[in-house]
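Residue-level structural notes
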Amino acid sequence: MRLSRRGALASALALAACGRQAAAGPEPGPLKSLARFPIGVAAMTGQFDDLGWSELVRRQFGRVTPEWEMKTEALAGPGGYDFQRPDSLVSRAEAMGLKVHGHTLVWYAETSREFERLDGQKQAYAEAYRAYVTTVAGRYRGKVTGWDAVNEPLSDDGALRDCRWRRNLGDGYIRLAFLHAREADPAAPLFLNDYDLETRPAKRAAFLRLAEGLLKAGAPLTGVGTQTHVNAALEPGAIKAAVADLASLGLPVHVSEFDVSVKVGQLAALRAEGLEQRQAALAAETVEAVMRLPQRQRYGITLWGARDRDSWLRRPPEDRGLIRDRPLLFDDNGRPKAAARAFAGALS
Ligand code: XIL
């Protein structure tokens, strides 16, 4: 019997629902209490006023990473830097007993009018760069547990990305970011953070070489982050291999933006049950990968969203299709999924 597309989707949604039903049940013990290392979550200021979000985050997580508020474009106001948003996020987090991981001082994807105006004026650009990094890092000195000093410096093939920072400051912009951040905050761990280190061996090798080069050049690199935005088709063991490779530097390792997309192929919902189980297995693997590290290298695991509905993959431009992604541990209503149980099980 040929299943019509509508029939296929209806059965898929039923399957997905029963999959979710199966995962319902008592909430696993707070993740932050089960873990011997920080369990973080991406946060935007407006979410603190959403009771569903804030109650789940209060129960389950011990740290937040600003998804947007500490990025260059969020800080850049018409007359200089406007810290109202990040200050608000920090004070809301502190009021909930949550620590904050700073994200991110220098990222190829963001700039400001000031830097665009200075494009090509090397001396002025360098002075503005130092002023920007020291001002932001200095403002949150003692308020963040660490910084993504430089985010996504590498292209998919492992080459240094072309970006405005590099065009004006040379390859040394990365080392300068670490030096300026350390100048403003003598204590915060400073991270180099990137993505697809699980699936692109050349990029991971280049990341390790870049980190080693920074250390040799005396840059105060004191942590490495692997974003771990993966999908449910990822082969078992890839996350463990990436974390172990990064840990070979001897520095603290941060699984910094974990999510597992289940939109694998067009009719992902058709295989919902299988994908949810794959997602759960990858969640457990990620915990196991960090548990294998010595305690001093366990900077933590940060989920890039609390509930599926909070995920960046549910917002344009990432969310483009008919099937809505379910990449996180808790469903749209904050109920634990199989991934939450597997994550909690691996912690305990
Ligand atoms: C994303 C946010 O989740 C989106 O809300 C925002 O519109 C764009 O940035 N890698 C990163 C994060 O380091 O800063 C990105 O966050 C996701 C990819």
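Now for a description of the structure that goes with this document. (Residues numbered from 1 in each chain as written. Predicted model: local features only at pLDDT ≥ 70, side-chain atom pairs only at ≥ 80, totals over all residues. Heavy atoms only, no water.)

1. With respect to the overall build of the chain
Secondary structure assignment for the chain yields 13 helices and 12 strands. Expected size for 348 residues packed as a compact globule is a radius of gyration near 20 Å; at 20 Å, the chain falls within 12% of this value. With the C-alpha coordinates aligned to their principal axes, the bounding extent of the chain is approximately 70 × 40 × 40 Å. Relative to its 348 residues, the chain shows a buried fraction of 55%. Looking at the chain as shown, the accessible area adds up to about 14,400 Å², and 54% of this sits on carbon and sulfur atoms. In the chain, 48 positive and 42 negative side-chain charges are present, and the distance between their average locations comes to 3 Å. (Helix = DSSP H or I, 4+ residues; strand = E, 2+ residues; numbered from the N terminus. Rg over C-alpha atoms; globule rule 2.2 N^0.38 Å. Buried < 20%, exposed > 50% of the residue type's maximum accessible area, 1.4 Å probe, protein only. Areas by Shrake-Rupley, 256 points an atom, 1.4 Å probe, with all protein chains shown as cover. Lys, Arg positive; Asp, Glu negative; His and termini not counted. Charge placed at Lys NZ, Arg CZ, Asp CG, Glu CD.)

2. Things to note about helix 10 (residues 201–216)
Counted at 1.5 Å a residue, the expected span for helix 10 with its 16 residues is 22 Å, and the 22 Å between its end C-alpha atoms agrees. For helix 10, every residue scored as buried is listed here: Lys203, Arg204, Ala206, Phe207, Leu208, Leu210, Ala211 and Leu214. Looking at the buried residues of helix 10, the elements they touch are helix 9 (173–184), strand 8 (190–194), strand 9 (223–226) and helix 11 (238–247). Following helix 10 by one or two positions, Gly218 adopts a phi angle in the positive range, close to 85°. (Expected span 1.5 Å × (residues − 1). Contact = heavy atoms within 4.5 Å.)

3. A look at empty space enclosed by the protein
One pass over the structure, following the stated rule, counts two cavities of 30 Å³ or more. Taken as a whole, the second largest cavity encloses approximately 30 Å³ of empty space. Taken together, the elements giving at least two residues each to the lining of the second largest cavity come down to strand 11 (253–261) and helix 12 (272–291). Looking at the lining of the second largest cavity residue by residue, the classes come out as eight nonpolar, one polar and one charged. (1 Å grid on protein atoms, 1.4 Å probe; cavity = no way out; pocket = protein on both sides within 12 Å on 5 of 7 lines; lining within 4 Å. Points joined across faces, edges and corners; volume = space filled by probe spheres on them. Nonpolar A, V, L, I, M, F, W, Y, C, P; charged D, E, K, R; others polar.)

4. Concerning the site of the ligand
Around the ligand, the neighbouring residues are Glu67, Lys71, His103, Trp107, Asn151, Glu152, Gln227, His229, Glu257, Trp304, Trp312 and Arg315. A distance of 2.9 Å is found between an oxygen atom of the ligand and a side-chain nitrogen or oxygen belonging to Trp304. Within the complex, 79% of the 410 Å² of free accessible area of the ligand lies under protein. Of the residues belonging to the shell around the ligand, the class tally is three nonpolar, four polar and five charged. (Near = heavy atom within 4 Å. Polar contact = N/O pair within 3.5 Å; in protein donor to acceptor, adjacent residues only side chain to side chain.)

5. What to know about the layout of surface pockets
In this model, the largest pocket occupies a volume close to 740 Å³. Of all the secondary-structure elements, those providing two or more residues to the lining of the largest pocket are strand 6 (102–107), strand 10 (229–231) and strand 11. For the lining of the largest pocket, the per-class residue count stands at 14 nonpolar, seven polar and nine charged.

6. Brief notes about the packing of aromatic side chains
The geometry of an aromatic ring pair is captured by two quantities: the separation of the ring centres and the angle between the planes. Enumeration over the complete set of coordinates arrives at 10 aromatic pairs. Ring centres of Trp107 and Tyr108 lie 6.2 Å apart, and the angle between their planes is 80°; this geometry places the pair in the edge-to-face category. Accessibility expressed as a relative area gives 15% for Trp107, which makes it buried. Looking at Arg63, its charged tip hangs above the ring of Tyr299, at a distance of 4.1 Å from the centre. The ring of Tyr195 has Lys203 lying over it, and the distance from NZ or CZ to the ring centre is 3.6 Å. (Phe/Tyr/Trp six-rings, centres within 6.5 Å; stacked < 30°, edge-to-face > 60°. Lys NZ or Arg CZ within 6 Å of the ring centre and 35° of its normal.)

7. A look at the pairing of strand 2 (residues 63–66)
Here strand 2 shows a buried face lined by Arg63 and Thr65 and a second buried face lined by Val64 and Pro66. As judged from the four bridges shared by strand 1 (residues 39–43) and strand 2, these two strands associate in the parallel manner. In the sheet register, Gly40 faces strand 2, and the bridge partner there is Arg63. Traced from strand 1 through helix 3 (residues 51–60) to strand 2, the parallel crossover comes out right-handed. The pairing of strand 2 with strand 5 (residues 99–100) spans two bridges and is parallel. Looking across to strand 5, one finds that Val64 is bridged to Val100. (Pairing = 2+ DSSP bridges. Right-handed = clockwise from strand over helix to strand, strands pointing away.)

8. Side note on helix 11
The set of residues buried in helix 11 consists of Ala238, Ile239, Ala242, Val243, Leu246 and Ala247. Angularly, the buried residues of helix 11 cover 170° about the axis, an arc narrow enough to put them on a single face. (Arc of directions from axis to C-beta.)

9. Some points on the side chain of Ser311
Within the fold, Ser311 resides in the loop between strand 12 (298–303) and helix 13 (338–347). For Ser311, a relative accessible area of 0% corresponds to the buried category. A polar side-chain atom of Ser311 sits 2.9 Å from the main-chain amide nitrogen of Leu313. Every residue in contact with Ser311, bar those within four places of it in the chain, is listed here: Trp304, Pro327 and Leu328.

10. Details of the packing of helix 10 against helix 11
At a closest axis distance of 10 Å, the pairing of helix 10 and helix 11 adopts a crossing angle of 20°. In terms of their interaxial angle, helix 10 and helix 11 are classed as roughly parallel. Once helix 10 is placed against helix 11, the crossing between them reads as right-handed. Residues Arg204, Phe207 and Leu208 of helix 10 form the contact with helix 11, whose participating residues are Ala238, Ala241, Ala242, Asp245 and Leu246. Broken down by class, the residue content of the contact of helix 10 with helix 11 amounts to six nonpolar, no polar and two charged. (Axes fitted to C-alpha atoms, helices over the stretch in contact; angles between N-to-C directions. Parallel < 35°, antiparallel > 145°, perpendicular 65-115°, else oblique. Left-handed = near helix turned anticlockwise from the far one by under 90°.)

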